Amino acid sequence: MLHPDIIVRKSKIDGKGIFARKFIPIGMIVWIQTSKDVVYSKEQFKKFGKRRQKFIVKYAEQDKRDNFVLPADISRYTNHSCNPI
């Protein structure tokens, strides 16, 4: 589930991205995993075709166990910045 002040719009980086509608303070949780998100183990991932693997790598996050977590909502458009401020 994504923070309510976040929206999807065009991005110069990769077509679509998520952006804050207003300032979100440092430390604020902006996404939490829900039961609607799909989790694939590394073993499941290896069995997929190349096209599906590419999609998952692009839109999923890897958790501490190296599982791929594919968000069910717009948070799949999340990117990150090594220097966000």
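Throughout what follows, the structure given in this document is the object of discussion. Here the structure is a predicted model, which means the values were calculated and not measured.

1. Considering the nonpolar core
- Core analysis: the biggest nonpolar cluster contains eight residues, these being Tyr-40, Phe-45, Phe-48, Ile-56, Tyr-59, Ala-60, Phe-68 and Leu-70.
- Ignoring any residue separated from it by four or fewer positions in sequence, one finds Phe-48 in contact with Tyr-40, Gln-53 and Ile-56.

2. Considerations on the environment of Gln-33
- Within the fold, Gln-33 resides in the loop between strand 2 (15-20) and strand 3 (38-40).
- Overall, the relative accessible area of 44% leaves Gln-33 in the partly exposed class.
- With 21 residues separating them in the primary sequence, Gln-33 and Lys-12 have C-alpha atoms 27 Å apart.

3. Observations regarding the pairing of strand 2
- In this sheet, strand 2 lies alongside strand 1 (residues 6-11) in antiparallel orientation, the contact comprising six bridges. Among the inter-strand pairings, Ser-11 is bridged to a residue of strand 2, identified as Gly-15.
- Linking two consecutive strands that pair antiparallel, namely strand 1 and strand 2, is a turn of three residues.

4. Structural notes on the sheet that holds strand 3
- The strand order across the open sheet formed by three strands is 3-5-4, and the pairing between neighbours is antiparallel. Two strands bound the open sheet, and with one partner strand each, they are strand 3 and strand 4 (61-62).
- Here strand 3 pairs with strand 5 (residues 68-70) via three bridges, running antiparallel. Within strand 5, the residue paired with Tyr-40 across the bridge is Phe-68.
- Lying on the sheet, helix 2 (residues 50-59) is in contact with strand 3, strand 4 and strand 5; it crosses strand 5 at an angle near 80°.

5. Concerning helix 2
- Taken residue by residue, helix 2 has Gln-53, Ile-56 and Tyr-59 as its buried positions. On an axial view of helix 2, the arc spanned by its buried residues comes to 150°, and they lie on one face. Among the exposed residues of helix 2, those pointing more than 90 degrees away from its buried face are Lys-50, Arg-51, Lys-54 and Val-57.
- Against the buried residues of helix 2 lie strand 3, helix 1 (42-47), strand 4 and strand 5.

6. Here's the deal with the environment of Ile-26
- Within the secondary structure, Ile-26 sits in the loop between strand 2 and strand 3.
- With 15 residues separating them along the chain, Ile-26 and Ser-11 place their C-alpha atoms 22 Å apart.

7. Brief notes about the side chain of Asp-37
- Note on placement: Asp-37 falls in the loop between strand 2 and strand 3.
- For Asp-37, which is buried and forms no salt bridge, the nearest opposite charge comes from Arg-76, at a distance of 7.2 Å.
- There is a polar contact of 2.9 Å between the side chain of Asp-37 and the backbone nitrogen of Thr-34.
- Of note is the side chain of Asp-37, whose polar atom sits 2.8 Å from the backbone nitrogen of Ala-72.

So, how was this worked out
- Residues numbered from 1 in each chain as written.
- Predicted model: local features only at pLDDT ≥ 70, side-chain atom pairs only at ≥ 80, totals over all residues.
- Heavy atoms only, no water.
- Core = buried A, V, L, I, M, F, W, Y, C linked by side-chain atoms within 4.5 Å.
- Buried < 20%, exposed > 50% of the residue type's maximum accessible area, 1.4 Å probe, protein only.
- Contact = heavy atoms within 4.5 Å.
- Helix = DSSP H or I, 4+ residues; strand = E, 2+ residues; numbered from the N terminus.
- Pairing = 2+ DSSP bridges.
- Axes fitted to C-alpha atoms, helices over the stretch in contact; angles between N-to-C directions.
- Arc of directions from axis to C-beta.
- Lys, Arg positive; Asp, Glu negative; His and termini not counted.
- Salt bridge = Lys/Arg side-chain N within 4 Å of Asp/Glu carboxyl O.
- Polar contact = N/O pair within 3.5 Å; in protein donor to acceptor, adjacent residues only side chain to side chain.

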